[in-house]
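Chain and residue survey
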Protein chains: 2
Amino acid sequence: MRSSLPPAADVAGAVETAPPSVSSCRPATLSAELRISVSRLHRQLRSQRGEADLSDGQYAVLSVLDKFGPMSPGALADHERMRPPSMTRTVNALDELGLVRKSEHPTDGRQVLVSVTEAGVAELRETRRRRDAWLTRRLGALTAEDRAVLARSSELLRRLAAG
Amino acid sequence: MRSSLPPAADVAGAVETAPPSVSSCRPATLSAELRISVSRLHRQLRSQRGEADLSDGQYAVLSVLDKFGPMSPGALADHERMRPPSMTRTVNALDELGLVRKSEHPTDGRQVLVSVTEAGVAELRETRRRRDAWLTRRLGALTAEDRAVLARSSELLRRLAAG
DNA sequence: TATTGTTATACTCTATAACTATA
DNA sequence: TATAGTTATAGAGTATAACAATA
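Summary of the structure given here. (Residues numbered from 1 in each chain as written. Chains lettered and ligands numbered in written order. Predicted model: local features only at pLDDT ≥ 70, side-chain atom pairs only at ≥ 80, totals over all residues. Heavy atoms only, no water.)

Overview of the relation of the copies chain A and chain B
Under the fitted operation, chain A is carried onto chain B by 0.0 Å of movement along the axis and a turn of 180 degrees, and the coordinates agree to an RMSD of 0.1 Å. The superposition operator between the copies reduces to a two-fold rotation axis. Of all interface residues in chain A, 80% are interface residues in chain B too; the two copies therefore contact each other through one and the same surface. (Least-squares fit on C-alpha atoms with pLDDT ≥ 70 in both. Contact = heavy atoms within 4.5 Å.)

Shown next, in the form of structure tokens:
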């Protein structure tokens, strides 16, 4: 019953003028399409996640800390578009796993600095390798050009999420 | 609270200095990037959703029924990459709202046929217009070329989700 | 016996509101 | 009084396991 999507058309030079048959470039139509696509892939990614793996939120936080260095929970929440209490939970979970460490802010007694531990870095590396296996495999089956489109869109999706 | 001060930024600088737009077309790296982007946008979309609106799942189901016609819950679950019990819940919620109708399968007594009602079609149209306002506005702020990339990627994301 | 769908139950993730401690 | 973080609590969304009805 599932519809087979049309084969990817060549996009090299014709990006601006030739919209794919399914997805329109009109903002309103694209919006509806994109929402469903993102929602569906999100669900699929979650179900493909290994049992022992970090949650999406935990993984994202660890990535951010690894990338940008120690940060306060508030800054993390802001960065991940999460509410502070949700971030507290995520950080505490990571702390209990020994993957991050909480320490006092040098000058502001209210703040907390969260930093990734060595175990966290190792876990991040391992998790990245293991749990993205499914998606990595599927991406490998695409053409390099399709992957280029996705790489570019990944950045655009972030910009959209940045509100 | 733990006392040791974190080493300020020994991990921060070394990780990624290349501009994200060429971030990487390597499947493994792209996989990690894409997962975080999709996850973050999904969260943002959910939080931007209007109070009275349909949930993502409800919206998607209504869209599918509108697009492909009546379908069994099993087929819907398959299409949306959901488990049957989850789909039962979604369909029942829509049924209680009067947006879909359940009827017997003509030949197979086990199956149920779910079809969208007129109220469902109207609600779909209205919801689409109202709740995608935020995303539509943000998409409108992009260049036509960026939108073309996203339109193309939307299709690719679906193919990825289709497992 | 296999398949379709449902019920019962539980878990994960996130949010809001109220509270504590510091500035 | 304002800000950073936490605790308590609730809600949405999805999953697994067990069950009923039909093929």
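Now that the structure has been shown, we can carry on.
Focus on the pattern of salt bridges
Per the stated rule, a full pass over the model turns up 15 salt bridges over all chains. Note that B:R40 and A:E80 form a salt bridge whose closest N and O atoms lie 2.9 Å from each other. One end of the pair, B:R40, is in helix α1 (residues 27-48); the other, A:E80, is in the loop between α3 (73-79) and α4 (84-96), on a second chain. The salt bridge involving B:R152 is made with A:D146; its shortest N-O contact spans 2.3 Å. (Salt bridge = Lys/Arg side-chain N within 4 Å of Asp/Glu carboxyl O. Helix = DSSP H or I, 4+ residues; strand = E, 2+ residues; numbered from the N terminus.)

Comments concerning the protein's contact with DNA strand D
Every one of the 24 residues lining DNA strand D counts as a neighbour, but A:R43, A:T88, B:S55, B:R89 and B:G109 are closest to it. Within 4 Å of the protein, the contacting atoms of DNA strand D are 71% sugar and phosphate, with bases supplying the remainder. Within the side chain of A:K102, a nitrogen or oxygen atom sits 2.8 Å from a phosphate oxygen of DNA strand D. For DNA strand D, a base oxygen lies 2.5 Å from a polar atom in the side chain of B:R89. Taken together, the elements giving at least two residues each to the surface near DNA strand D come down to α1 (27-48), α3 and α4 of chain A together with α4 (84-96) of chain B. (Near = heavy atom within 4 Å. Polar contact = N/O pair within 3.5 Å; in protein donor to acceptor, adjacent residues only side chain to side chain.)

What about the protein's contact with DNA strand C?
Inspection of the region around DNA strand C gives 23 residues, with A:S55, A:R89, A:G109, B:R43 and B:T88 positioned closest. If you look at DNA strand C and keep only atoms within 4 Å of the protein, 70% of those are sugar or phosphate atoms. In this structure, a base oxygen belonging to DNA strand C sits 2.8 Å away from a side-chain N or O atom of A:R89. The separation between a base oxygen of DNA strand C and a polar side-chain atom of B:R110 is 3.2 Å. Going through the elements one at a time, α4 of chain A together with α1, α3 (73-79) and α4 of chain B are the ones with two or more residues in the surface near DNA strand C.

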